[in-house]
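Residues per chain, in single letters:
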Amino acid sequence: TTRKGSEDGRIVVVDGQDIKKAVLEGVVEVDFSVRDDSVFSALPVGSASGHLVSGVIRIRNDDRACPHVSFADSQIIVELAPIKTGSETSRHGQQSIVSVNGNEYIARAWIGGQAPENEADMRVVPVRSELFSRARGLLETGVLAGKIVLLKGLGSVGSTVARLLAQSGVCQFILMDDDRLDVANVIRHEAGLSHIGRFKTRFMAALIHEKNPYAEVETVEEKASERNIEYVRALVARASLCVDTADERKGKSLFNRACLEEGKPLIISGAFQRAHGGQVLRVRPGKSACYGCFTKMLKGGDTAFPDGAAEAIAYSDRPVPIEPGLSIDIDPISHMTAKLVLQELLRDVPTTLRSLDEDLEANWYLYLNRREEGTQYENLDPLGFGIDGMRILRWYGVDFKRDPECPICGDFADALARQTGVTVTEEEKAAFMEAYAPKGVKHG
């Protein structure tokens with residue numbers, strides 16, 4: 001139920017960029033999306049809700065509208081009247097005073113004809129300059145210019161990561177996922193029921209543009225596999241950093257290898273079954289352990305990233321009592337992932353985030369939502385008032401070293417020789433490494 005009151009007037013909203021264009025060209029045609037039957041917005045967004053109506057922004061000179069163009073079919077008319085030097089002006093309820101190239105204009109809007117009763121409240125929004133104004137002093141968005149994030153997997157974790165990065169000033173994305181939205185996704189995804197059936201990549205591209213209409217978003221509706229590994233490698237080569245939040249372990253291994261070959265940092269994250277916890281792994285080629293080291297160490301143990309379909313974390317693997325809060329249990333993993341992405345993208349930039357380098361020194365982070373029965377965490381001490389030891393609802397950085405015998409990033413030629421009792425020459429070892437080792441990783 002909507003209660004109408006005195007603030008239920010009609011509002012016309014336009015982008016300052018369109019105002020500047022109208023001043024330069026004399027007239028600009030624009031489409032307005034209608035929301036709540038009262039807000040008519042021409043802001044550049046990815047997916048307009050409601051229906052569209054035609055409109056025009058035009059300049060008025062000497063009390064006459066731009067004489068050479070007729071816009072009889074335009075449902076919304078925005079006029080800009082220059083304010084003459086020395087004249088007295090005041091902002092009235094429905095007018096907006098804007099400045100373009102040092103000159104001031106009064107902007108007025110009408111819906112359905114220029115009769116007095118059709119005049120609407122006028123808002124001019126300098127989108128490009130004000131979009132990230134609240135982030136100034138903490139994170140100047142200019143420092144992220146040119147940084148490209150390749151994000152594979154846009155499910156419960158990845159969709160939130162993408163949205164958080166867009167809100168933080170990342171302006172270039174490559175989104176990779178071959179899955180479409182289903183009803184079961186809605187309770188833990190950024191998308192709602194109206195988007196069922198859409199590719200997750202397409203929805204997230206639209207959502208990113210809602211947050212930042214100037215972002216560049218490329219979508220790829222494919223799964224990483226041996227079949228398209230060369231294409232995946234080419235995408236990785238273009239990226240500044242890669243993120244993998246998909247569920248399939250084989251796909252993570254392929255992505256891990258491609259990132260090592262191209263020397264690109266990789267962040268892998270995911271939730272455990274029934275979202276009783278989650279983890280984030282950061283891979284720095286040649287400097288840290290890789291995903292191959294990780295899986296070799298865990299050997300499929302309880303804290304391994306989940307394999308199989310996304311439904312594996314939807315409380316569907318066994319009957320359980322009522323357990324609300326799946327989405328809020330996943331959100332901490334998404335937020336930590338986005339935090340590590342920003343920290344890595346800004347590694348060589350003198351921002352106010354530099355102190356976090358000491359706090360986020362580890363490359364493997366673990367988080368627990370509850371003391372899950374049947375796991376190694378069920379007997380942890382309750383959170384209570386304790387500040388010692390391992391407890392739930394806290395992040396833990398794990399001291400996780402690179403495995404020198406890792407088959408992906410380690411000296412596996414020597415390791416294989418030792419295991420089989422074979423002696424190899426340096427020339428044979430070099431030839432083996434050239435054929436099988438990731439190109440971007442230094443061995444030995």
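Here is what the cut-offs are and how they apply
- Residues numbered from 1 in each chain as written.
- Predicted model: local features only at pLDDT ≥ 70, side-chain atom pairs only at ≥ 80, totals over all residues.
- Heavy atoms only, no water.
- Axes fitted to C-alpha atoms, helices over the stretch in contact; angles between N-to-C directions.
- Helix = DSSP H or I, 4+ residues; strand = E, 2+ residues; numbered from the N terminus.
- Parallel < 35°, antiparallel > 145°, perpendicular 65-115°, else oblique.
- Left-handed = near helix turned anticlockwise from the far one by under 90°.
- Contact = heavy atoms within 4.5 Å.
- Nonpolar A, V, L, I, M, F, W, Y, C, P; charged D, E, K, R; others polar.
- Buried < 20%, exposed > 50% of the residue type's maximum accessible area, 1.4 Å probe, protein only.
- Pairing = 2+ DSSP bridges.
- Expected span 1.5 Å × (residues − 1).
- Polar contact = N/O pair within 3.5 Å; in protein donor to acceptor, adjacent residues only side chain to side chain.

### What about the packing of helix α5 (residues 229–238) against helix α6 (residues 249–262)?
Turning to step 1, where the next piece is worked out: At their nearest, the axes of α5 and α6 sit 9 Å apart, and the two run at 50° to each other. With respect to α6, the element α5 is oriented oblique. The interaxial crossing formed by α5 with α6 has right-handed handedness. Two secondary-structure elements touch here, α5 through Ile-229, Val-232, Arg-233, Val-236 and Ala-237 and α6 through Leu-254, Phe-255, Ala-258, Cys-259, Glu-261 and Glu-262.
Turning to step 2, where the next piece is worked out: Looking at side-chain class alone, the contact of α5 with α6 contains eight nonpolar, no polar and three charged residues.

### Things to note about the pairing of strand β1 (residues 11–15)
Turning to step 1, where the next piece is worked out: Judged by how many residues are buried, β1 sits mostly within the fold: five of five residues are covered.
Turning to step 2, where the next piece is worked out: Residues Ile-11, Val-13 and Asp-15 of β1 are buried on one face, and the alternating residues Val-12 and Val-14, pointing to the opposite face, are buried as well.
Turning to step 3, where the next piece is worked out: Taken together, the five bridges between β1 and strand β9 (residues 119–125) define a ladder with parallel strand orientation. Bridged to Val-14 within β9 is Val-124.

### Notes on helix α3 (residues 156–168)
Turning to step 1, where the next piece is worked out: The end-to-end C-alpha distance of α3 is 19 Å, a good match for the 18 Å that 13 residues give at a rise of 1.5 Å each.
Turning to step 2, where the next piece is worked out: Burial analysis of α3 places 11 of its 13 residues in the buried class, which makes it a mostly covered element.
Turning to step 3, where the next piece is worked out: Taken as a whole, α3 has its buried residues at Ser-156, Val-157, Gly-158, Ser-159, Thr-160, Val-161, Ala-162, Leu-164, Leu-165, Ala-166 and Ser-168.
Turning to step 4, where the next piece is worked out: Those residues of α3 that are buried are in contact with β10 (148–152), β11 (172–176), α4 (200–211), β14 (266–271) and α8 (326–345).
Turning to step 5, where the next piece is worked out: Note on α3: the residue one or two positions beyond its end, Gly-169, has a positive phi of about 110°.

### Overview of the side chain of Arg-282
Turning to step 1, where the next piece is worked out: Its location among the elements puts Arg-282 in strand β15 (residues 277–283).
Turning to step 2, where the next piece is worked out: You can call Arg-282 buried: its relative accessible area is 1%.
Turning to step 3, where the next piece is worked out: Of note is the side chain of Arg-282, whose polar atom sits 2.6 Å from the backbone oxygen of Leu-360.
Turning to step 4, where the next piece is worked out: In this structure, Arg-282 is in contact with Leu-266, Ile-267, Ser-288, Ala-289, Leu-340, Glu-344, Arg-347, Leu-360, Glu-361, Ala-362, Asn-363 and Tyr-365, ignoring residues within four places of it in sequence.

### Notes on unusual backbone geometry
Turning to step 1, where the next piece is worked out: A positive phi angle, near 55°, is found at Asn-101, a position not held by glycine.
Turning to step 2, where the next piece is worked out: Along the chain, Asn-101 turns up in the loop between β7 (96–100) and β8 (103–111).
Turning to step 3, where the next piece is worked out: You can call Asn-101 exposed: its relative accessible area is 75%.
Turning to step 4, where the next piece is worked out: Backbone geometry places Leu-393, a non-glycine residue, at a positive phi of 60°.
Turning to step 5, where the next piece is worked out: Of note, Leu-393 is situated in the loop between β16 (364–368) and β17 (395–398).
Turning to step 6, where the next piece is worked out: On the accessibility criterion, Leu-393 (43% relative accessible area) is partly exposed.

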